[in-house]
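Structural characterization, general
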Amino acid sequence: ISHDLKNPFNSIMGLSNFLYEKIEKYDKETISNYAQHIYEASRNSYKLLQNLLEWSRAQMGQISFAPETHNLANLIDNATASSYNQAEAKNIKFKFDVDYTAEIYADYNMVSTIIRNLTSNAIKFSPKGQIIEFLAKNTDTSTVISIKDNGKGMSKKIQDKLFKISEKISTPGTENEKGTGLGLLLCKEFTEAHKGKIHVDSEEGKGSIFTIELPLK
Ligand SMILES: Nc1ncnc2c1ncn2[C@@H]1O[C@H](COP(=O)(O)OP(=O)(O)OP(=O)(O)O)[C@@H](O)[C@H]1O
Ligand SMILES: [Mg+2]
């Protein structure tokens, strides 16, 4: 993990240093290129930091589980909004099929973190121009949220290793986006705090669906 954090910071420091010391020497295109790299490196390290902080707080028992009733559609809107930039960079569109009258009984921050991570993965492992679908509704017993992508998918062997800290795996995205393999561990931990379930359905080359089921109040 320290490499995952140090590498983007090295790019950020190196490139921004170049820019302010030698900006007259570069044409607009080079400058724009550097700025894009700086932006992407900071976005990646910010996401990693967000997960690291939450994970360490969870490990120290500092995250209190505070479920309340929320409007399901609202929660999903807010949780996905932070991924618009990441999606736009790959020209990926979101499609929502959410029961806007449904309510969810959940810890707002935890569920937002779950959705943020699943959305970020869906974008990361989808080629440019794809669509990501969000489905959310209540059944008689639970709130079901699924996030479906048409991206690279995973073999059964990899699926069996997800959600296990002993098998922590991370592969780069379709544009070589790097990660640390913390995201799904957080998703599992936070789902279980709700006494809920998380599972994946995926086929290599076709795409993946991640579903969380949280019991109703
Ligand atoms: N939607 C998906 N499509 C294909 N593979 C996926 C998908 N989501 C997860 N994976 C696989 O599971 C691995 C673990 O995912 P996880 O979110 O835990 O870590 P990460 O995305 O690699 O890193 P981080 O979330 O810490 O930035 C990924 O690296 C990838 O190999
Ligand atoms: Mg991830």
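Just so we're clear, the structure is a prediction, and the values are computed from it rather than from any experiment.

Asn121, Lys124, Ser170, Thr171 and Thr180 are the nearest of the 18 residues found near ligand 1. Asp149 has a polar side-chain atom sitting 2.9 Å from a nitrogen atom of ligand 1. Between ligand 1 and Thr171 there is a distance of 2.6 Å, counted from an oxygen atom to a side-chain nitrogen or oxygen. Here ligand 1, which alone exposes 590 Å², has 94% of that area covered by the protein. Elements with a contribution of two residues or more to the shell around ligand 1: α5 (108–124), α7 (183–193) and β7 (207–215). In the shell around ligand 1, the residues fall into seven nonpolar, nine polar and two charged.

A word on helix α1 (residues 2–22). Each α-helix turn comprises 3.6 residues. Residues three or four places apart therefore point the same way. For α1, with 21 residues, the first-to-last C-alpha span of 30 Å sits near the 30 Å given by 1.5 Å per residue. Buried residues of α1: Leu5, Pro8, Ile12, Leu15 and Leu19, and no others. Angularly, the buried residues of α1 cover 125° about the axis, an arc narrow enough to put them on a single face. Away from the buried face of α1 by more than 90 degrees, exposed residues His3, Lys6 and Met13 are located. Residues of α1 that are buried sit in contact with α2 (28–59).

Once that is clear, we can look at the pairing of strand β6 (residues 197–203). Going residue by residue along β6, you find Ile198, Val200 and Ser202 tucked away on one face and Lys197, His199, Asp201 and Glu203 left uncovered on the opposite face. The sheet contact formed by β6 and β7 spans seven bridges and is antiparallel. By the bridge assignment, Val200 is partnered in β7 with Phe210. Counting the residues that bridge the hairpin from β6 to β7 gives three residues, and of these Gly205 lies at a positive phi of roughly 85°.

This paragraph deals with the environment of Ala106. With respect to the helices, strands and loops of the structure, Ala106 is situated in strand β3 (residues 103–106). Separated by eleven residues in sequence, Ala106 and Asn117 have C-alpha atoms that sit 17 Å apart. If we ignore the near neighbours within four places in the chain, the residues touching Ala106 are Ala66, Pro67, Glu68, His70, Val111, His194 and Leu214.

Take the layout of surface pockets next. Sizing a probe to match a water molecule and rolling it over the atoms shows the empty space that remains. Volume-wise, the second largest pocket comes out at about 210 Å³. Together, Gln50, Glu54, Arg57, Ile63, Ser64, Asp107, Tyr108, Asn109, Met110, Ser112, Thr113 and Arg116 line the second largest pocket. Listed by contribution, the elements that provide at least two residues to the lining of the second largest pocket are α2 and α5. With six residues, α5 is the largest single contributor of residues to the lining of the second largest pocket.

We now examine the side chain of Ser120. By the secondary structure assignment, Ser120 is in helix α5. Using a relative accessible area of 11% as the deciding quantity, one classes Ser120 as buried. Sequence-distant contacts of Ser120, that is, excluding residues within four places in its chain, are made with Lys47 and Gln86.

Inspection of the secondary structure assignment puts Phe18 in helix α1. Distance from Phe18 to Ile31, taken between C-alpha atoms, is 9.6 Å for residues 13 residues apart in sequence.

A word on the packing of α1 against α2. Where α1 contacts α2, the axes come no closer than 9 Å and their chain directions differ by 150°. Between α1 and α2, the angle falls in the class roughly antiparallel. Crossing hand, α1 versus α2: left-handed. Two secondary-structure elements touch here, α1 through Asp4, Leu5, Pro8, Phe9, Ser11, Ile12, Leu15, Ser16, Phe18 and Leu19 and α2 through Ile31, Tyr34, His37, Ile38, Ala41, Ser42, Ser45, Leu48, Leu49 and Leu52. Residues of the contact of α1 with α2, tallied by class, amount to 14 nonpolar, five polar and one charged.

Each value, and the rule that gives it
- Residues numbered from 1 in each chain as written.
- Chains lettered and ligands numbered in written order.
- Predicted model: local features only at pLDDT ≥ 70, side-chain atom pairs only at ≥ 80, totals over all residues.
- Heavy atoms only, no water.
- Near = heavy atom within 4 Å.
- Polar contact = N/O pair within 3.5 Å; in protein donor to acceptor, adjacent residues only side chain to side chain.
- Areas by Shrake-Rupley, 256 points an atom, 1.4 Å probe, with all protein chains shown as cover.
- Helix = DSSP H or I, 4+ residues; strand = E, 2+ residues; numbered from the N terminus.
- Nonpolar A, V, L, I, M, F, W, Y, C, P; charged D, E, K, R; others polar.
- Expected span 1.5 Å × (residues − 1).
- Buried < 20%, exposed > 50% of the residue type's maximum accessible area, 1.4 Å probe, protein only.
- Arc of directions from axis to C-beta.
- Contact = heavy atoms within 4.5 Å.
- Pairing = 2+ DSSP bridges.
- 1 Å grid on protein atoms, 1.4 Å probe; cavity = no way out; pocket = protein on both sides within 12 Å on 5 of 7 lines; lining within 4 Å.
- Points joined across faces, edges and corners; volume = space filled by probe spheres on them.
- Axes fitted to C-alpha atoms, helices over the stretch in contact; angles between N-to-C directions.
- Parallel < 35°, antiparallel > 145°, perpendicular 65-115°, else oblique.
- Left-handed = near helix turned anticlockwise from the far one by under 90°.

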